[in-house]
Amino acid sequence: MSNELNNMISQTTNGVYEGVAIGGDRYPCSTFMDHLLRYQASPEVGMLVLLGEVGGTEEYQVCEAIKSGVLTKPVVAWCIGICADMFATDVQFGHAGASAGASEETASAKNKALAEAGAEVPTSFDELGDKIGEVYRKLVMDGTIVPKAELPPPPVPMDYNWARELGLIRKPASFMTSICDERGQELLYAGIPITEVFKQDMGIGGVLSLLWFQRRLPPYACKFLEMCLMITADHGPAVSGAHNTIVCARAGKDLVSSLVSGLLTIGDRFGGALDGAAAQFTEAFDSGLIANDFVNKAKKEGVLIMGIGHRVKSLNNPDMRVVVISEYAKEHFPCTPLLDYAREVEQITTKKKPNLILNVDGCIALCFVDLLRHSGFFTKDEAENIIKTGSLNGLFVLGRSIGFIGHFLDQKRLKQGLYRHPWDDISYVLPEINQ
């Protein structure tokens, strides 16, 4: 009924200032008079509209207020439920069970009393809207109510999903990606469907070129990437990464935990020299330092030359991994100025110690920089950014993960128990403290 009454008033007047629905509860929190007195005192309210119902006597308080002059503003009133007079027995209305407990509580009796008190009461509910409009027009004519300009209703915002479908708005993205898209009919690697990856036999090197560098590299470059992964896949169980992986596997840890344990050892001292070697050699080469000056400068500053030196390999016992990589680069790359520069440095460092050779980290790093700079597929800025973002170390991490997983599976296959380091391989050096 509140919706209906608000609609009536809005259609026939300049609008509703405030509306309150009290309901037919036995113990309501407020009464008609509580609110009518507020509206009587408000200069924003020009007329009062009351919709009562069968049952209760609150409407008679309104009658007394009108008669006594407490309510001086016009009151349009109607009590619903007059159809109860047509029934021989008492009838309850609505979910609250409104009913007349006495003759004065009937809707007809209250409508009559309101009319006699001076309220504007229509002959039926159907005429209530007309009566409200009639009273309103009189108040406008005598200047009691000055109609205000009609405010345009606020526009209803467009449905979000519909607006997005039309391309009018976009939701701020939490992530951005430019290498892979799985939303369509098939997976895309840098815009190339996965079916094309297999049809064109791109291999692991081709997939790396798409996902890491967002472009199709030539076959010789993809082959070089695959060679790097194959060469760095493993270097025995004694190195720190493999050792950690084996210890974790024998402690009963799962594959991922054991793999991570090995990967966390990668750094400047083990396997993480690729980025450092690339940065150090390229800086020296680009600045025009000859090999001898580069070596002397490093010695004077007390820094190691990254990518130079090996614990076991030497001039007399060359690292075949370096031989394979360097020979491939010399044969297939457009040019190898950084690799040649590193060989000049090697000639100087090996005169001091035969094991100060160009190691596999340095060889891969410098060949990779030569590839980035001279393949014609990268700008100079792109090549520098790739080096700075750690892509070279990524090759070692990816390749060595193959070996670490192999060591984990090997330990499980051999059913090796918990590892405990032997006492005779530990030097116990305790302080002597007087007791």
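Remember, it's a predicted structure, so these values are computed and weren't measured experimentally. (Residues numbered from 1 in each chain as written. Predicted model: local features only at pLDDT ≥ 70, side-chain atom pairs only at ≥ 80, totals over all residues. Heavy atoms only, no water.)

Draft legend 1. Here's a closer look at the overall build of the chain. Check the secondary structure of the chain and you find 18 helices and five strands. Whereas a compact globule of 435 residues would reach a radius of gyration of roughly 22 Å, the chain reaches 45 Å, over 25% beyond that. In terms of overall dimensions, the chain has C-alpha extents of about 125 × 65 × 55 Å along its principal axes. Here the chain holds 435 residues, and 40% of them are scored as buried. As presented, the chain carries roughly 26,300 Å² of accessible surface, and 56% of it is formed by carbon and sulfur atoms. With 40 positive and 52 negative side-chain charges, the chain shows a spacing of 14 Å between the two charge centroids. (Helix = DSSP H or I, 4+ residues; strand = E, 2+ residues; numbered from the N terminus. Rg over C-alpha atoms; globule rule 2.2 N^0.38 Å. Buried < 20%, exposed > 50% of the residue type's maximum accessible area, 1.4 Å probe, protein only. Areas by Shrake-Rupley, 256 points an atom, 1.4 Å probe, with all protein chains shown as cover. Lys, Arg positive; Asp, Glu negative; His and termini not counted. Charge placed at Lys NZ, Arg CZ, Asp CG, Glu CD.)

Draft legend 2. Structural view of the nonpolar core. With 60 residues, the main nonpolar core has Phe224, Phe281, Ile325, Val345 and Phe368 as its most contacted residues. In terms of residue count, the dominant contributor to this core is helix 16 (residues 360-374) (ten residues). Among all residues touching Val345, those that are not within four sequence positions of it are Phe281, Ala291, Phe294, Val295, Ile305 and Ile308. Residues Ile9, Val62, Trp78 and Leu114 belong to the second largest nonpolar core, which totals 35 residues. (Core = buried A, V, L, I, M, F, W, Y, C linked by side-chain atoms within 4.5 Å. Contact = heavy atoms within 4.5 Å.)

Draft legend 3. Layout of the confidence of the model for the chain. Within the chain, residue pLDDT values average 91, and 96% of them lie at 70 or more. Here helix 6 (residues 160-165) stands out as the least confident element of the chain, with mean pLDDT 87; helix 11 (residues 255-263) is the most confident, with 97. pLDDT under 50 marks residues 95-100. Its contacts with residues more than four places away, or in other chains, come to 18 contacts. (pLDDT = per-residue confidence, 0-100.)

Draft legend 4. Just the layout of surface pockets, in detail. Volume-wise, the second largest pocket comes out at about 1,200 Å³. Lining the second largest pocket are 34 residues, and of these Arg269, Ile308, Gly309, His310 and Asn359 sit closest to its centre. Looking at the lining of the second largest pocket, the elements with two or more residues in it are helix 13 (291-301), helix 16 and helix 18 (391-413). Considering each element in turn, the lining of the second largest pocket owes the most residues, three residues, to helix 13. Residues that form the lining of the second largest pocket fall into these classes: 15 nonpolar, ten polar and nine charged. (1 Å grid on protein atoms, 1.4 Å probe; cavity = no way out; pocket = protein on both sides within 12 Å on 5 of 7 lines; lining within 4 Å. Points joined across faces, edges and corners; volume = space filled by probe spheres on them. Nonpolar A, V, L, I, M, F, W, Y, C, P; charged D, E, K, R; others polar.)

Draft legend 5. The pattern of salt bridges, seen in detail. Per the stated rule, a full pass over the model turns up 15 salt bridges. Between Glu18 and Arg38 there is a salt bridge, with the nearest N and O atoms lying 2.5 Å from each other. Here Arg38 lies in helix 2 (residues 32-41) and Glu18 lies in the loop between helix 1 (2-12) and helix 2, a separation of 20 residues in the sequence. For Glu18, a relative accessible area of 33% translates into the label partly exposed. Among the residues examined, Arg38 registers a relative accessible area of 39% and is labelled partly exposed. Among the ionic pairs, Lys131 bridges to Glu134, the shortest N-O distance being 3.9 Å. In this pair, Lys131 and Glu134 both sit in helix 5 (residues 128-141), three residues apart, roughly one turn of the helix. Classification of Lys131 as buried rests on a relative accessible area of 17%. (Salt bridge = Lys/Arg side-chain N within 4 Å of Asp/Glu carboxyl O.)

Draft legend 6. Representation of empty space enclosed by the protein within the structure. Taken as a whole and judged by the stated rule, the model has one cavity of 30 Å³ or more. The volume enclosed by the largest cavity comes to roughly 30 Å³. What lines the largest cavity is simply Phe213, Leu217, Leu225, Phe368, Leu371, Leu372 and Phe378. The element contributing the most residues to the lining of the largest cavity is helix 16, with three residues. Its residues assigned to classes, the lining of the largest cavity comprises seven nonpolar, no polar and no charged.

Draft legend 7. Region of interest: the packing of aromatic side chains. Evaluated as defined, the whole model comprises twelve aromatic pairs. Aromatic pair Phe224 and Phe333: ring centres 5.2 Å apart, planes at 75°, arrangement edge-to-face. With a gap of 109 residues between them, Phe224 in helix 9 (residues 219-231) and Phe333 in the loop between helix 14 (320-332) and helix 15 (337-349) connect regions that are remote in the sequence. The class of Phe224 is buried, set by a relative accessible area of 0%. Judged by centre distance (6.3 Å) and plane angle (90°), the ring pair of Phe281 and Tyr341 falls under edge-to-face. Placement of Phe281 in helix 12 (residues 273-286) and of Tyr341 in helix 15 is noted, with a sequence separation of 60 residues between them. In this structure, Phe281 and Tyr341 share a single accessibility class: buried. (Phe/Tyr/Trp six-rings, centres within 6.5 Å; stacked < 30°, edge-to-face > 60°.)

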